[in-house]
Amino acid sequence: MTNVKVEAEGSERGRIGECSATAIERIMEFAAQELHEESTTRRMEKRLNVIVEKNRLGAGWGRRFGFGFTLYNVWWLVIFPVNLAIVAALFSIDLRVNRAELATAMALVNLLAVAAIRDGTVLLLLYKIVVRIPWKKYFFNRMLHCNGGIHTGCAIMLLVWTTTALILPIANRGDHGRIADGIDAANVAMLAVLVAGLSIMMILAMPIVRVRHHNLFERVHRYLGWSLLLLLTAILLRKFFHSRWNLSGIAIASATIAIACLLVVFYSWFLIERQSVHVRVGRQGNVLIVRLHGKARPGAFAKISFNLTEWHAFSVAFSDRENRAYGLVVGVAGDWTQNLAQRCLTRLDRSVSKNRAQVVDEFFTAPPDLEAPPSTESSSGETTIKAFIRWHRPLGFMYSVYAYKRVICVGTGAGIAPILPHIGSDRVAIHVVWIAKKHRGIYGDEICDRVFQHSHTIYDTAEMGRPKPEIALASYEEFRAEAIFVVSNAKFTEAVRDVCKTEKIVAFGAVFDS
Ligand SMILES: Cc1cc2nc3c(=O)[nH]c(=O)nc-3n(C[C@H](O)[C@H](O)[C@H](O)COP(=O)(O)OP(=O)(O)OC[C@H]3O[C@@H](n4cnc5c(N)ncnc54)[C@H](O)[C@@H]3O)c2cc1C
């Protein structure tokens, strides 16, 4: 089969509506030409019209009115009863158990879960296990993608148990104003600070606040989070000193869990390497290709920083594990990526006498060659910048393509990045729908050649305008796909998932409020 390149013919407008009609008709025409079967075209057209109609009539109403209940919330329904069950089980073993100690232990168990579910190694193990589960694939993979529900659910329980540990000794106040249960006023004050700090973190983490104050949320989450963990450790140590290290079973368990929490939260900060990162700026300056040293799995994310405080995650777009090299595609969108692009262009300007466009053009005409040692010569259109790289490269939702045999991957713009390393995989057959503006002009030959060498749907919005989400389904039946994966902005991802839901097609997209 040849490439399905969707091109515009402005005057053509089918029944499907707006620009996507042309695209879908062209795909259908193509299918008919290839198969010499007119009936296929008619069947697909009929089917797509039904999809559009059904979608118009009401898919996604729940989400629009905000009463959608997602798998993210299902985690809460699991976590809250599990917490109560653990406490009930402990009381059934020994009713005389110290309640304040138990509340502290429960807080620590939840804290460990909060931290562990954000850990790269834990996520790697979970993804490796979950993609191998042969039944209920959508449910298990989606539950894993919604792991933010574990993070937030356990964080809520952490606050509940910390508040309980604070209130219990006050409620059990002794006759002489001294607080019972061996916890003195200083400890109560420390617990009160802990509760206040956790409450601040949770308020800032609420989606409505977080979207408005994202940088503040990130800083508070990291630095206040670390401080509270150290405070909790201090509370425990103080208590152990006061009891002259005569520890109950629950206290020993608490100490062990606290050590595990400290390790999970801090160990990754000791696994950061400083690398010379090779960056190439796209012809129009809005895409960067970054090459790094090290091993990275397809489906993973790399975290990169220039100052150790602001970290940015990008999908691994190219991976050459044998030569310990991998690459990222970075769309120039926000302040950080704009600064990076500007920095690279300034360096290229300084070190090369040729004009900038000429230098960058050289890169785009060069054949893709990840194996070649990274050039240190800026005359190749590439510049070298020192950056901090996290050793961990956690897996993301795109790794779930390996749960299936045949999938459709829809990417808009730089959303092609996480799809690229799976193209040509021997574990899963992929049909790509890449929606972008002037593919070769903006993304260059290195990326386009990787996509165009196989039979995929290429949709140029510069020629055709924006497509409707139904474009994701155009090749679904012909390709005999089992699922659709979408890498796009939140709006388009939701739109495609709504259409797929109406059609009862399995669809995965990033979880944006995780
Ligand atoms: C899991 C995941 C991994 C990611 N990894 C990376 C990465 O490694 N590097 C990176 O740079 N970015 C990455 N992204 C971001 C991703 O590239 C962008 O979300 C995506 O490119 C779309 O963003 P945009 O619409 O702002 O792009 P734009 O450049 O504005 O749009 C890209 C194309 O999509 C079309 N389009 C946009 N919205 C719609 C719509 N609603 N309907 C129809 N067409 C539309 C536009 O017309 C344009 O042609 C990742 C996103 C996710 C979810």
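Here, the structure is the one placed above.
Because the structure is predicted, anything quoted here is derived from the model rather than measured.

In this structure, what is going on with the site of the ligand? I would like to understand it.
Around the ligand, 23 residues are found, and the nearest of them are Val 329, Gly 331, Thr 412, Thr 461 and Asn 489. Within the backbone of Ala 414, a nitrogen or oxygen atom sits 3.3 Å from an oxygen atom of the ligand. A distance of 2.6 Å is found between an oxygen atom of the ligand and a side-chain nitrogen or oxygen belonging to Asn 489. Protein contact buries 74% of the 950 Å² of open area that the ligand shows by itself. Mapped by element, the contributors of at least two residues to the shell around the ligand are strand S5 (311-320), strand S6 (325-331) and strand S9 (429-436). Ranked by the residues each element gives to the shell around the ligand, the list is headed by S6, at 3 residues. Taken together, the residues that form the shell around the ligand break down as 13 nonpolar, 8 polar and 2 charged. In this structure, the shell around the ligand is formed jointly by two domains, domain 1 (4-57 + 396-509) and domain 3 (272-390), each of which donates at least three residues.

I tried to follow the nonpolar core on my own but got confused; where do I start?
Nonpolar side chains in soluble globular proteins generally cluster together in the buried interior. Counting 66 residues, the largest nonpolar core has Val 407, Leu 420, Trp 434, Ile 447, Val 451 and Phe 485 as its most contacted members. Apart from residues no more than four positions distant in its own chain, Leu 420 is found in contact with Ala 317, Phe 318, Val 329, Ile 447, Arg 450 and Val 451.

Honestly, the sheet that holds S5 in this entry has me stumped. Any pointers?
By way of backbone hydrogen bonds, the strands of a sheet pair with one another, either parallel or antiparallel. Taken in spatial order, the 6 strands of this closed barrel run S2-S3-S6-S5-S4-S7, and their pairing is antiparallel. When strand polarity is set aside, the average angle formed by the axes of neighbouring strands in this sheet is 45°. Inspection of the sheet shows strand S2 (residues 272-281) paired to strand S3 (residues 287-293) by 4 bridges, in the antiparallel sense. Counterpart to Val 281 in the pairing with S3 is Leu 288.

Honestly, the packing of aromatic side chains in this entry has me stumped. Any pointers?
Remark: the centre distance and the inter-plane angle together describe each pair of aromatic rings, the angle taken between the planes. All chains considered together, the criterion is met by 21 aromatic pairs. An angle of 45° between the planes, with centres 6.1 Å apart, marks the rings of Trp 76 and Phe 80 as tilted. Here Trp 76 pairs with Phe 80, and both are found in helix H4 (residues 71-93), just 4 residues apart, close to one helical turn. Taking relative accessible area as the criterion, Trp 76 reaches 26% and is therefore assigned partly exposed. Pairing Tyr 127 with Tyr 399 gives two aromatic rings, centres 6.2 Å apart and planes at 80°, and the pair type is edge-to-face. On the criterion of sequence distance, the pair formed by Tyr 127 in helix H6 (residues 120-130) and Tyr 399 in the loop between strand S7 (382-390) and strand S8 (406-412) is long-range, its members being 272 residues apart. In this structure Tyr 399 comes out as buried when scored by relative accessible area, which is 2%. Through pairs of rings, three or more aromatic residues link up here, namely Tyr 138, Phe 397, Tyr 404, Phe 485 and Phe 508. In this structure, Arg 343 packs its charged tip against the face of Phe 306, placed 4.7 Å from the ring centre.

How each quantity is defined
Residues numbered from 1 in each chain as written. Predicted model: local features only at pLDDT ≥ 70, side-chain atom pairs only at ≥ 80, totals over all residues. Heavy atoms only, no water. Near = heavy atom within 4 Å. Polar contact = N/O pair within 3.5 Å; in protein donor to acceptor, adjacent residues only side chain to side chain. Areas by Shrake-Rupley, 256 points an atom, 1.4 Å probe, with all protein chains shown as cover. Helix = DSSP H or I, 4+ residues; strand = E, 2+ residues; numbered from the N terminus. Nonpolar A, V, L, I, M, F, W, Y, C, P; charged D, E, K, R; others polar. Domains from an automatic or database assignment. Core = buried A, V, L, I, M, F, W, Y, C linked by side-chain atoms within 4.5 Å. Buried < 20%, exposed > 50% of the residue type's maximum accessible area, 1.4 Å probe, protein only. Contact = heavy atoms within 4.5 Å. Pairing = 2+ DSSP bridges. Axes fitted to C-alpha atoms, helices over the stretch in contact; angles between N-to-C directions. Phe/Tyr/Trp six-rings, centres within 6.5 Å; stacked < 30°, edge-to-face > 60°. Lys NZ or Arg CZ within 6 Å of the ring centre and 35° of its normal.

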